[in-house]
Amino acid sequence: MSDQNASAARGRKVYPSGVLEAVRSPAILIREILAGTVTALALIPEVISFSFISGVDPKVALVASITLGLVMSAIGGRPGMVTAAAGSVALVIGPMVKVHGVGYILPAVILAGLIQIALGLLGFARLMRFVPRSVMIGFVNSLGILIFFAQIPHLINVPLAVYPLFMGTVAIVLLAPRFTEVIPAPLIAICVVTVIAVTGHLHVPSVGGDGSFHAGFFRITRLDVPLSFETLSIVWPTALSVAFVGLLETLLTAKLVDELTDTKSHKGQEAWALGIANIVASFLGGIAGCAMIGQTIVNVKIADGRTRISTAAAALALLLLVTGLSEVMTQIPMVALAAIMMIVAIRTFSWHSVAPSTLRRMPVSENLVLFSTTAATVATGNLAIGVAGGVLLAMVLFTRRVAHVITVDRKPAPDGASVRYEVRGPLFFGSSNDLAEQFSYATDPSFVTVDFTHSQIWDASSVATLDSIETKYKAYGRAIEFTGFDNRSQNFHGRLTGTLTGAG
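What comes next is a walk through the structure. Worth saying up front: this structure is predicted, and the values here are computed from it rather than measured. (Residues numbered from 1 in each chain as written. Predicted model: local features only at pLDDT ≥ 70, side-chain atom pairs only at ≥ 80, totals over all residues. Heavy atoms only, no water.)

**A few points about the packing of aromatic side chains**
This is how it is decided: The criterion for an aromatic pair is that two Phe, Tyr or Trp rings (for Trp, the six-membered ring) have centres within 6.5 Å, with stacked assigned to planes under 30 degrees apart, edge-to-face to planes over 60 apart and tilted to the rest. Numbering of helices and strands runs from the N terminus, with a helix taken as a DSSP run of H or I at least four residues long and a strand as a DSSP run of E at least two residues long. In our convention, an over-ring charge means Lys NZ or Arg CZ found within 6 Å of a ring centre and within 35 degrees of that ring's normal.
Going through the model one piece at a time under the given rule, you end up with 10 aromatic pairs. The interplanar angle of 75 degrees and the centroid separation of 5.8 Å between the aromatic rings of Phe 124 and Phe 244 together place this pair among those described as edge-to-face. One end of the pair, Phe 124, is in the loop between α6 (105-121) and α7 (133-150); the other, Phe 244, is in helix α10 (residues 229-261), with 120 residues separating them in the sequence. For the pair Phe 452 and Phe 485, a centre-to-centre distance of 4.9 Å together with 15 degrees between the ring planes defines the contact as stacked. Remark: Phe 485 occurs in the loop between β6 (479-483) and α21 (487-496) and Phe 452 occurs in strand β5 (residues 447-457); sequence separation between them is 33 residues. The rings of Tyr 421, Phe 439, Tyr 441 and Tyr 473 are connected pair by pair, giving a single aromatic cluster. Against the face of Tyr 15 rests Arg 306, its NZ or CZ located 4.0 Å from the ring centre. In this structure, Arg 488 is placed above the aromatic ring of Trp 458, and the distance from its NZ or CZ to the ring centre is 4.0 Å.

Okay, here's the thing in structure tokens:
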């Protein structure tokens, strides 16, 4: 039996629980570093394209990605998650830059960072527990769709040589793991395809065609706009949007990585650490960012990166590529990176969630929330809008569903002198309105008892409804008594009764 266990262990990948364990194992350490290298290469095309959306130089977005990666690797709450200049944040910053100029990026990002720090310390991350599973799956599926279709332009109106390189990249990524897992398959594919393109003098679009690269290092950003209320009025809407969009995408990605790795993250720490990282990035000449789910999937799922070493290696590899190896980086064919990201997109998408057998078993409301979240995100290209819309729809459908779970049983006394109503189910604004319609005010006997042993009061609307029921019975000359409250409901009702109805 021990031999069988040992054999099974040898056939299973060993994942480190932390940095120290990774450092003690040369094989795991190499895997973490190589995972970071692959992730850095996967970051380049997206970060550059996002810089154009933001209205800044590609170097600004790359500097931000390096800084964010290093800071979050040091103090972030979710090891293995990649943070960089992201498209969702770029969509928010871009309009401000277009109207007012790049000078307002620094104060906007600093303010956004301060908001994120405050929200992290105040426990904003705990709100993620209220994101339903159907919204989470819709979020993941929409990202898979967006990542996939973002690569399509790299395969349209391109030289014919692009297509063999594309198929070669896909073949290497899918087949290489059968022969070796020491070197990540995407890294092998990128190296092989780049060598073929360069030695074969193939004229195909490369990374160098997406931006201008010049060797250089960070610089301290100067504040070029006055610190005034006018500046605050310009930057605060953008800062607020950056803070919430960045936190939302980061915390949802952290939740996804938790599920992929069967480990827990410190989401509150991740929230305030993101604020610090954005402030540092802004002072070093970068823009704001957040978690990058596509590159995180590359790191965690494709390249098996698990610790802070992998994300730190990604930032350092990106720094090396931007500064010392910019000429080498510019030679990488875009089709190689596009092919890898397409595979990532396909693996990111939850195919089980849309299988006919799954859809038949799931409640209609759950399917509606899933597809609405996916559709809204894909249509707007904004993860925050899609997720917020999905959560709102889920809340409405849930409220509608539980609003009708209240049951009221009427039990007259044998002598007909009194009647007892037994209420079952939670009382809140959605269900308490129905409660008031369950009583026979005009025909009930002179004494009425309403038993709440199997019910609870959850909001002021319910207290107002009970006050209204009591008022109606008294108008008919009936005596009414509420019994069976638990301690919390009793205290809540006692504090508010008589103060909510009949005012004004």
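There's more to say after this.
**Details of the pairing of strand β4 (residues 418-427)**
Quick note on the threshold: Two strands pair under a simple rule: DSSP has to find at least two bridges between them.
As paired elements, strand β3 (residues 407-412) and β4 share 6 bridges and run antiparallel to each other. By the bridge assignment for β4, Arg 410 is matched with Tyr 421. Two successive antiparallel strands, β3 and β4, enclose a turn made up of 5 residues, where Gly 416 displays a positive phi of approximately 75 degrees. Two elements, β4 and β5, share 9 bridges in a ladder whose sense is parallel. Counted as the bridge partner of Ser 418 is Phe 447 from β5.

**Quick look at the sheet that holds β6**
Here is the rule we go by: Note on definitions: angles span 0 to 180 degrees between N-to-C directions of axes, and those axes are lines fitted to C-alpha atoms, for helices only across the stretch in contact. Any pair of residues with heavy atoms lying within 4.5 Å of one another is described as a contacting pair.
Strand order in the open sheet formed by 4 strands is β3-β4-β5-β6, with mixed pairing between adjacent strands. Where the open sheet ends on each side, the last strands, each with one partner, are β3 and β6. Put simply, the sheet's adjacent strands are angled 20 degrees from each other on average, direction ignored. Contacts from α21 reach β5 and β6 within the one sheet, and its direction differs from that of β5 by about 120 degrees.

**Comments concerning unusual backbone geometry**
Selection rule: Type-normalised accessible area, obtained with a 1.4 Å probe on protein chains alone, sets the label of each residue: buried when under 20%, exposed when over 50%, and partly exposed for intermediate values.
For Asn 157, which is not glycine, the phi torsion reads 55 degrees and is therefore positive. Unlike most non-glycine residues, Asp 262 shows phi in positive territory, near 55 degrees. Its place among the elements puts Asp 262 in the loop between α10 and α11 (267-283). Relative accessible area serves as the criterion here: at 69%, Asp 262 is assigned to the exposed category.

**A short note on the packing of α7 against helix α17 (residues 364-380)**
Rules: Handedness of a crossing follows from how the near helix is turned relative to the far one, being left-handed for an anticlockwise turn of less than a right angle and right-handed for a clockwise one. Basically, the charged four are Asp, Glu, Lys and Arg, the nonpolar ten are Ala, Val, Leu, Ile, Met, Phe, Trp, Tyr, Cys and Pro, and anything else, Gly included, counts as polar.
At a minimum axis distance of 8 Å, the contact between α7 and α17 shows a crossing angle of 35 degrees. Of the two elements, α7 crosses α17, and the hand of that crossing is right-handed. Between α7, through Ser 134, Val 135, Ile 137, Gly 138, Phe 139, Asn 141, Ser 142, Ile 145 and Leu 146, and α17, the contact on the second element is made entirely by Glu 366, Val 369, Leu 370, Thr 373, Thr 374, Thr 377 and Val 378. Of the residues contributing to the contact of α7 with α17, the split by class is 8 nonpolar, 7 polar and 1 charged.

**Some thoughts on empty space enclosed by the protein**
Threshold: Of the grid points, spaced at 1 Å and generated over the protein atoms alone, those admitting a 1.4 Å probe that cannot get out make up cavities, while open sets with protein on both sides within 12 Å along at least five of seven lines make up pockets; any residue with an atom within 4 Å of a point is treated as lining. Grid points are joined across faces, edges and corners, and a volume is the space filled by probe spheres set on the points.
A complete count under the given rule lists 2 cavities of 30 Å³ or more for this structure. Lining the largest cavity, in full, are Leu 43, Ser 65, Gly 69, Val 82, Thr 83, Thr 311, Ala 314, Ala 315 and Leu 318. Its residues assigned to classes, the lining of the largest cavity shows 5 nonpolar, 4 polar and no charged.

**Examining the side chain of Asp 258**
Along the chain, the position of Asp 258 falls in helix α10. By relative accessible area, Asp 258 is classed as buried at 11%. In this structure Asp 258 touches Arg 78, Thr 263, Lys 264, Ser 265 and Lys 267, once residues within four positions along its chain are discounted.

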